[in-house]
Amino acid sequence: MGDALIRMLAAVFAACCLAVVPVHAAAADDDERMEKLFTFKDPRITESSGLAVSPTHPGIYYTHNDSAAAPTFYAVDGEGRTRATYQLRGAEARDWEAMAASKDPRTGRGVLWFADIGDNLDGAWPDVSIYKVMEPQRLGDATLPAVRYRFRYADGARNAEGIMVNPRTGRLYVVSKEFAGSVYAAPKTLRTDRTNVLRRVATAPIMATDAAYAPDGSSYVVRTYFSATLYKPSGETIARVTMPQLEQAESIAFTADGKALLTGSEGARSPVYRVPLPARALASASPSATPTPTPTSSPAKAESSLDAQADSAAGGGLALKDVLIWLAAAATAIGVITFIARRTA
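This paragraph deals with the overall build of the protein chain. Of the regular secondary structure elements, the protein chain holds 4 helices and 21 strands. Out of the 345 residues belonging to the protein chain, those deemed buried represent 50%.

Shown next, in the form of structure tokens:
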């Protein structure tokens, strides 16, 4: 009953907190019809928790299982058939919750990132790990070497289920799964000889289950159990995107052309849906609306607007209206819990 209760309480909080962050919902006539892209056919894929599009193999998608699994990931084609199974050497899978894919600008090779960041006790682990793996150049079962990076949060341990990589700067971000979620930035240069510190740079939707950057870096998306929200790199909201109803929505990724989202769920033979972005969202997130940094612009300067907005929000605190909304949400949640306790007593 735990997961069901969490999702129900998340819905209550989400309903109460919509007024905290203004969101421009996509107009119905802008939406194209979502479609089921494929269903995982491999019986070993029972808890698909991360999803990524291959940066170098057209029509190939990657996924991995959730906790209590080996450090294994799968390459799947557009029919849902497993084309290759990979084991990671030098890795463990304590609670793998997300993955991301990027491309090495120097070599053009694909890079895969696997996030062992689940922490349901919000402090059970002194640190969390993210593994970097060079994408195999040929599809076929293999064992691949992994580089392990350890992380801790600057403001205390967090449960998290989302990671994303900015394709313009190469910076890694972690998105926490909380009632007041946050986006955390990793250091520009990751170190293997010490624990890297994750610092809060923006807010995130309630109970985020995954996140992804657009292939051109013009936007990023954060998934929750119920919907997805598209943002500019500055952290400004573009639109909320309606998602299909899934048993337990855990993953999200952009298609290779950046015009649609892919989303999946845990469970045996779980489906992956393709959800086209509404025209309004595509226009707002286009490179013309968010220019690519020129060669004279540094990556740090390109990210400064996100950091500045986050610092301002953190320093300003909550307005009275926000406090009242949260108090109302808390009271509603307590009432729901009390009702359930009495019914099950």
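Here we come to the pairing of strand S20 (residues 260-265). Burial within S20 is extensive, with 6 of its 6 residues counted as buried. Side chains Ala260, Leu262 and Gly264 project from S20 onto one buried face, and the interleaved Leu261, Thr263 and Ser265 project onto a second face that is buried too. Note: strand S19 (residues 249-254) against S20, 5 bridges, orientation antiparallel. Considered in S20, the bridge of alanine 253 is made with leucine 262. With antiparallel pairing between neighbouring strands as the criterion, S19 and S20 make up a hairpin whose turn holds 5 residues, including glycine 258 at a positive phi of roughly 75°. Of the strand pairs in this sheet, S20 and strand S21 (residues 271-276) are connected by 5 bridges, and their pairing is antiparallel. Within S21, the position partnered with leucine 262 by the bridge is arginine 274.

One open sheet accounts for 4 strands, arranged S1-S21-S20-S19; its pairing is antiparallel. Across the chains shown, the open sheet's two edge strands, defined by having one partner strand only, are strand S1 (35-39) and S19. Neighbouring strand axes in the sheet, compared pairwise and without regard to direction, differ in orientation by 25° on average.

Next up on the list: the pattern of salt bridges. Across all of its chains, the model carries 11 salt bridges by this definition. Between aspartate 155 and arginine 158 there is a salt bridge, with its nearest N and O atoms 3.3 Å apart. Given the relative accessible area of 37%, aspartate 155 is considered partly exposed. Between lysine 177 and glutamate 161 there is a salt bridge whose closest N-O contact spans 3.0 Å. A residue pair is termed long-range when its members are at least 10 positions apart, and lysine 177 in the loop between strand S12 (172-176) and strand S13 (182-185) and glutamate 161 in strand S11 (residues 160-165) qualify at 16 residues. No difference in accessibility class separates lysine 177 from glutamate 161, as the two residues are buried. Via salt bridges that share partners, Asp155, Arg158 and Glu178 belong to a single interconnected network.

Rules used throughout
Residues numbered from 1 in each chain as written. Predicted model: local features only at pLDDT ≥ 70, side-chain atom pairs only at ≥ 80, totals over all residues. Heavy atoms only, no water. Helix = DSSP H or I, 4+ residues; strand = E, 2+ residues; numbered from the N terminus. Buried < 20%, exposed > 50% of the residue type's maximum accessible area, 1.4 Å probe, protein only. Pairing = 2+ DSSP bridges. Axes fitted to C-alpha atoms, helices over the stretch in contact; angles between N-to-C directions. Salt bridge = Lys/Arg side-chain N within 4 Å of Asp/Glu carboxyl O.

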